[in-house]
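Here is what each chain is made of, one letter per residue.
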Amino acid sequence: HQLDEAAQIIRLMWREQRATFHGRYYHIDGAICEPKPTPPPPLMIGGGGRKLTLRVTAKYADWWNFPGGALEHYRELLDTLRGHCEAVGRDYDSIVKTWGNECVAVAPSHAAAERMAQSSPFYDPSSALVGAPDEVAAQLRRFTDMGAQHFILRFADFPRTDGARLFMQEV
């Protein structure tokens, strides 16, 4: 419920001259937000809580991000979000879907990418994106095919930039 109220307050502050809100957790009286953002930035909610977070996302968010996890889990969360959108009368497609990954290891060969991934403290074999550029592109395509529109990625070779550069050039 706190997330629900926070999202309502953010919207009020961006819209009203003096915002007033009295909820169970938060209260504001005549609060001022100046200068108002023009246009208001998109409201992104992140997380995968099926009962609360995705319900609040369906009601208020412009963008939704899920940080990591396997493809099938992401698919299940999208289905839950779709159900919440239907319940509140929201167009599911109006929400921009994003996905984050803590370990992207892209290298000229699969073997080199695997070595890079295994050296990362963020490596999780169940969700890491590992391989040559065409392999990583194919892994990401599985998410875009489900509706993911943006990615938030951590490259396994950071602070080096070889992986990120190869990703930009070939993936």
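Refer to the preceding data block for the structure.
Note on numbering: residues in each chain are counted from 1, in written sequence order. Confidence filtering applies because this is a predicted model: local features only for residues at pLDDT of at least 70, side-chain atom pairs given and counted only at 80 or more, and all residues used for totals across whole chains, interfaces and linings. Side-chain measures were taken over the full set of non-hydrogen atoms in the model, leaving aside hydrogen atoms and water.

## Quick look at the overall build of the chain
Link 1 in the chain: Only DSSP runs of H or I reaching four residues or more are called helices, and only runs of E reaching two or more are called strands; each is numbered from the N terminus. For the chain, the helix and strand inventory stands at six helices and seven strands.
Link 2 in the chain: When the helices and strands of the chain are placed in sequence order, the string is α-β-β-β-α-β-α-β-α-β-α-β-α.
Link 3 in the chain: Its C-alpha atoms give the chain principal-axis dimensions of roughly 60 × 35 × 25 Å.
Link 4 in the chain: Working definition: with a 1.4 Å probe on protein chains only, accessible area under 20% of the residue-type maximum means buried, over 50% means exposed, and in between means partly exposed. Expressed as a percentage of the 171 residues in the chain, the buried residues total 43%.
Link 5 in the chain: Per-residue and other accessible areas were derived by the Shrake-Rupley procedure at a 1.4 Å probe size, with only the shown protein chains allowed to occlude residues. Surface accessibility of the chain: about 9,500 Å² in total, with carbon and sulfur atoms responsible for 54%.
Link 6 in the chain: Within the chain, the 21 negative side-chain charges are centred at a point lying 4 Å from the centre of the 19 positive side-chain charges. Think of it this way: Lys and Arg go in the positive column, Asp and Glu in the negative one, and His and the chain ends go nowhere. By convention, the point assigned to a charge is CZ for Arg, NZ for Lys, CD for Glu and CG for Asp.

## Examining the pairing of strand 4 (residues 63-67)
Link 1 in the chain: Of the pairings in the sheet, the one linking strand 3 (residues 44-46) to strand 4 comprises three bridges and is parallel in character. Pairing of Gly-46 across the sheet is with Asn-65, part of strand 4.
Link 2 in the chain: For crossovers, right-handed means that the path from the first strand over the helix to the second runs clockwise, given strands pointing away from the viewer. One crossover worth recording links strand 3 to the parallel strand 4 by way of helix 2 (residues 53-60), and it is right-handed.
Link 3 in the chain: The criterion for strand pairing is that DSSP finds at least two bridges linking the strands in question. Looking at chain direction, strand 4 and strand 5 (residues 96-106) are connected through five bridges and run parallel. Of the residues in strand 5, the one forming a bridge with Asn-65 is Thr-98.
Link 4 in the chain: Tracing the backbone out of strand 4, into helix 3 (residues 71-88) and back to the parallel element strand 5 gives a crossover that is right-handed.

## Topic: the pattern of salt bridges
Link 1 in the chain: Here, a salt bridge means any side-chain nitrogen of Lys or Arg that lies within 4 Å of a carboxyl oxygen of Asp or Glu. Tallied over the entire structure, the rule returns 10 salt bridges.
Link 2 in the chain: Notably, a salt bridge pairs Arg-15 with Glu-16, separated by 3.3 Å at the nearest N-O pair.
Link 3 in the chain: Classification of Glu-16 as partly exposed rests on a relative accessible area of 33%.
Link 4 in the chain: For the salt bridge of Glu-72 with Arg-75, the shortest nitrogen-to-oxygen distance reads 3.1 Å. Of the two residues, Glu-72 and Arg-75 are both situated in helix 3; the distance of three residues between them amounts to about one turn of the helix.

## Describing the side chain of Lys-36
Link 1 in the chain: Secondary-structure assignment places Lys-36 in the loop between strand 2 (27-31) and strand 3.
Link 2 in the chain: By relative accessible area, Lys-36 is classed as buried at 17%.

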